[in-house]
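Here's the letter readout for the chains.
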Protein chains: 2
Amino acid sequence: VNEFEIIQSYFHKSTYDDTNNVVIGVGDDAAIVSLNSDEHLVVCMDTLVSGVHFPEATRPEYVAYKALAVNLSDIAAMGAIPRWITLSITYPEQNEFWFKAFAKGFYSLANIHSLSLIGGDLSRGPLSVTVQVQGVLNKYRQPLSRAGAQVGDDIYISGELGAAAYALKSILEKEQWEAASDGELARLNRPEARVKLGQALSGIANSCIDISDGLNADLTHILNASGVGAELNLSLLPMSTSLKKIDINSAYELAMTGGDDYELCFTLPSDINNEQLAELNAICSISHIGKIISDKGLVLKDENNHKVILSKMSYRHF
Amino acid sequence: VNEFEIIQSYFHKSTYDDTNNVVIGVGDDAAIVSLNSDEHLVVCMDTLVSGVHFPEATRPEYVAYKALAVNLSDIAAMGAIPRWITLSITYPEQNEFWFKAFAKGFYSLANIHSLSLIGGDLSRGPLSVTVQVQGVLNKYRQPLSRAGAQVGDDIYISGELGAAAYALKSILEKEQWEAASDGELARLNRPEARVKLGQALSGIANSCIDISDGLNADLTHILNASGVGAELNLSLLPMSTSLKKIDINSAYELAMTGGDDYELCFTLPSDINNEQLAELNAICSISHIGKIISDKGLVLKDENNHKVILSKMSYRHF
């Protein structure tokens, strides 16, 4: 089996090739797609490394699902529409079972969003997966970015925090953590990118980011890019029920720094009307957790309005 | 030093951001660029793994240069114009020296082609580099692909074959091969993608591919995609002077199967006029090496018109 046979067996066909403006897809030197004249191109790239971003024993379906989901989450955070995928897999050996399972997990998510796989690469080497998602955005719309937060904005977060981090702890530190439920494991292995919410936020939110490294680190990116500060009330955080199994301080720490949630954190002007909020809540639950202030930095407060300092601050890449 | 500091230090600024339709570049969840309404998007992605695609001791400048060059070569083979780069680096440790040298090699090539780095990722893990290049192509022009070769077409190749493969042998099998010259090492470490030639071939050539896995394997992709066969005369191959150091059969084998040449192999209709050929030759030297025939398969002949069988057929990915 060589690269071409593997690609032909598992990755060549895509249900959406014909309807997704794909001029040339998988199998040539490069892929060619067609954008509409009112669209910008939006691209993001993320690599997942075995033993670093996921435990080595993770099932190939989950590796595939997650590698795609984390990129969809980035596309969501720009308010864009995902369209085309490029995929590079590095794997130590020829393993038909692994590639078959990987392709199954990959297409299970790609098909939900009507995405076409248009190209990529396959190499021998230590397991890692790089996905790039190409999306489009109406060019007459203000893009959602990290840089637009305004003093006085309300800070919101979608869904709940902490389930994925809890599930990861329960795998890596078995002795100290109660086993994660199937639901918690699903948040780790099959995170849901908030693609529809992101599109709805485009034109409404002043800033947006997705939570990959933890709320603390990712909100700080918004603050730095926007030149503002923020005050969060920890008691307003939408905590996953998983976190009720552990003491409150550890729970706050996981919620703020655990990462892997792939929720959206965004800021809305304080004069947003209730109808708009209801429309966003109809897509997925959103929670108001704090506000943007002019003093730089991120201030955390508890339910008694006392300042809180967390010991572990975020996932570090090195 | 965390991911963001490394990116900010070495990869944030790009000379061409302002002139390359970059709406949002490095530093947000995704990048946004603008295409003109008469352009298609062309994308390709390639991963280089340490110890697989390059020797582990390769200098970071060369790793960077080559990771970009092999993608530019794919863009060239489509006849497209490269514009924007996304880059994912996986590296075992924090190493300022390495990243600095990598960035130097990277921009030394990116700047030649006026490319903007618009996004990517940085992870801890075994060294590998994934580059995606985004290019554009006039949508009213027939794209160069592997699939258009016609019976009767003449087969051409740009430049010379074998120097990169010779240089690699001289590194990996020091006892058996005379040391490579600086020029040969440059062909391995700093391959020249035939971007201008590819653009000139668009609308003229019936098919095109770049030579990464070796002429034998890559021409076979054209033959399979086009449903035709080919006859090559080995004595017509534009052999690198490096290959004159070794016996003729080993030389043919390296030229046909060595890989890493990043020349273009293309087919032209036999009624191409001399003026068009002269224009192509003015960009870089091209050599007529054989013809497309209706019988499937690739037939190799020597200077006496005798069939030749090579023992080693091509680089295999697994």
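Everything below is about the structure shown above.
Residues numbered from 1 in each chain as written. Chains lettered and ligands numbered in written order. Predicted model: local features only at pLDDT ≥ 70, side-chain atom pairs only at ≥ 80, totals over all residues. Heavy atoms only, no water.

> How should the pairing of strand E7 (residues 154-158) of chain B be read in this particular structure?
Along any regular strand the residues' side chains alternate between the sheet's two faces. Residue and element names in this part refer to chain B. Among the five residues that make up E7, five are buried, leaving the element largely enclosed by the rest of the structure. Taking every second residue as pointing to the same face, both faces of E7 are buried, with Asp154, Tyr156 and Ser158 on one and Ile155 and Ile157 on the other. In terms of strand pairing, E7 meets strand E10 (residues 264-268) through four bridges, oriented antiparallel. Considered in E10, the bridge of isoleucine 157 is made with cysteine 265. Here five bridges tie E7 to strand E11 (residues 286-293), and the two strands are oriented antiparallel to one another. By the bridge assignment, tyrosine 156 is partnered in E11 with histidine 288. (Buried < 20%, exposed > 50% of the residue type's maximum accessible area, 1.4 Å probe, protein only. Helix = DSSP H or I, 4+ residues; strand = E, 2+ residues; numbered from the N terminus. Pairing = 2+ DSSP bridges.)

> I keep staring at the packing of helix H2 (residues 60-77) of chain A against helix H3 (residues 96-110) of chain A and nothing clicks. Help me out?
Packed helix pairs are specified by the crossing angle of their axes together with the interaxial distance, meaning the distance between the axes. All names here are of chain A. Remark: H2 packs on H3, axes separated minimally by 7 Å, with the N-to-C direction vectors making an angle of 35°. Every pair of crossing elements has a handedness; the one defined by H2 and H3 is right-handed. Packed against H2, whose contacting residues are Pro60, Glu61, Val63, Ala64, Tyr65, Leu68, Ala69 and Leu72, the element H3 presents Trp98, Ala101, Phe102, Gly105, Phe106, Ser108, Leu109 and Ala110 at the interface. In the contact of H2 with H3, the residues fall into 13 nonpolar, two polar and one charged. (Axes fitted to C-alpha atoms, helices over the stretch in contact; angles between N-to-C directions. Left-handed = near helix turned anticlockwise from the far one by under 90°. Contact = heavy atoms within 4.5 Å. Nonpolar A, V, L, I, M, F, W, Y, C, P; charged D, E, K, R; others polar.)

> Any chance you could explain unusual backbone geometry here in plain terms?
What you tend to see is this: most non-glycine residues have negative phi, and most peptide bonds are trans. A positive phi angle, near 55°, is found at A:Ser114, a position not held by glycine. Counting through the fold element by element, A:Ser114 comes out in the loop between H3 and strand E5 (116-124). A:Ser114 sits in the partly exposed class, given a relative accessible area of 31%. Unlike most non-glycine residues, B:Asp260 shows phi in positive territory, near 70°. Turning to its location among the elements, B:Asp260 is positioned in the loop between helix H8 (248-257) and E10. The class for B:Asp260 is buried, based on a relative accessible area of 13%.

> Can you help me understand the nonpolar core in this one?
The tendency in soluble globular proteins is for nonpolar side chains to be buried as a group. Counting residues in each nonpolar core, the largest one holds 62 residues, and the members touching the most others are B:Phe11, B:Leu68, B:Phe102, B:Leu201, B:Phe266 and B:Leu268. For this core, the element with the most residues is helix H2 (residues 60-77) of chain B, which contributes 11 residues. Every residue in contact with B:Leu68, bar those within four places of it in the chain, is listed here: B:Ile85, B:Phe106, B:Leu109, B:Ala110, B:Leu115, B:Val131 and B:Val133. Membership of the second largest hydrophobic core comes to 60 residues, among which are A:Phe102, A:Val195, A:Leu264 and A:Leu268. (Core = buried A, V, L, I, M, F, W, Y, C linked by side-chain atoms within 4.5 Å.)

> Is there a simple way to explain the pattern of salt bridges in this structure?
A side chain of one charge can pair with a side chain of the opposite charge when the charged atoms of the two come close. Within the structure shown, the criterion is met by 22 salt bridges over all chains. We note a salt bridge from B:Arg146 to A:Asp29, for which the minimum N-O separation is 3.1 Å. Placement of B:Arg146 in the loop between strand E6 (128-138) and E7 and of A:Asp29 in the loop between strand E1 (22-24) and strand E2 (31-33) is noted, with the two residues assigned to different chains. Overall, A:Asp29 belongs to the buried group, its relative accessible area being 6%. In this structure, the salt-bridge partner of B:Arg194 is B:Glu192, at a minimum N-O distance of 3.7 Å. What makes B:Arg194 buried here is its relative accessible area of 12%. (Salt bridge = Lys/Arg side-chain N within 4 Å of Asp/Glu carboxyl O.)

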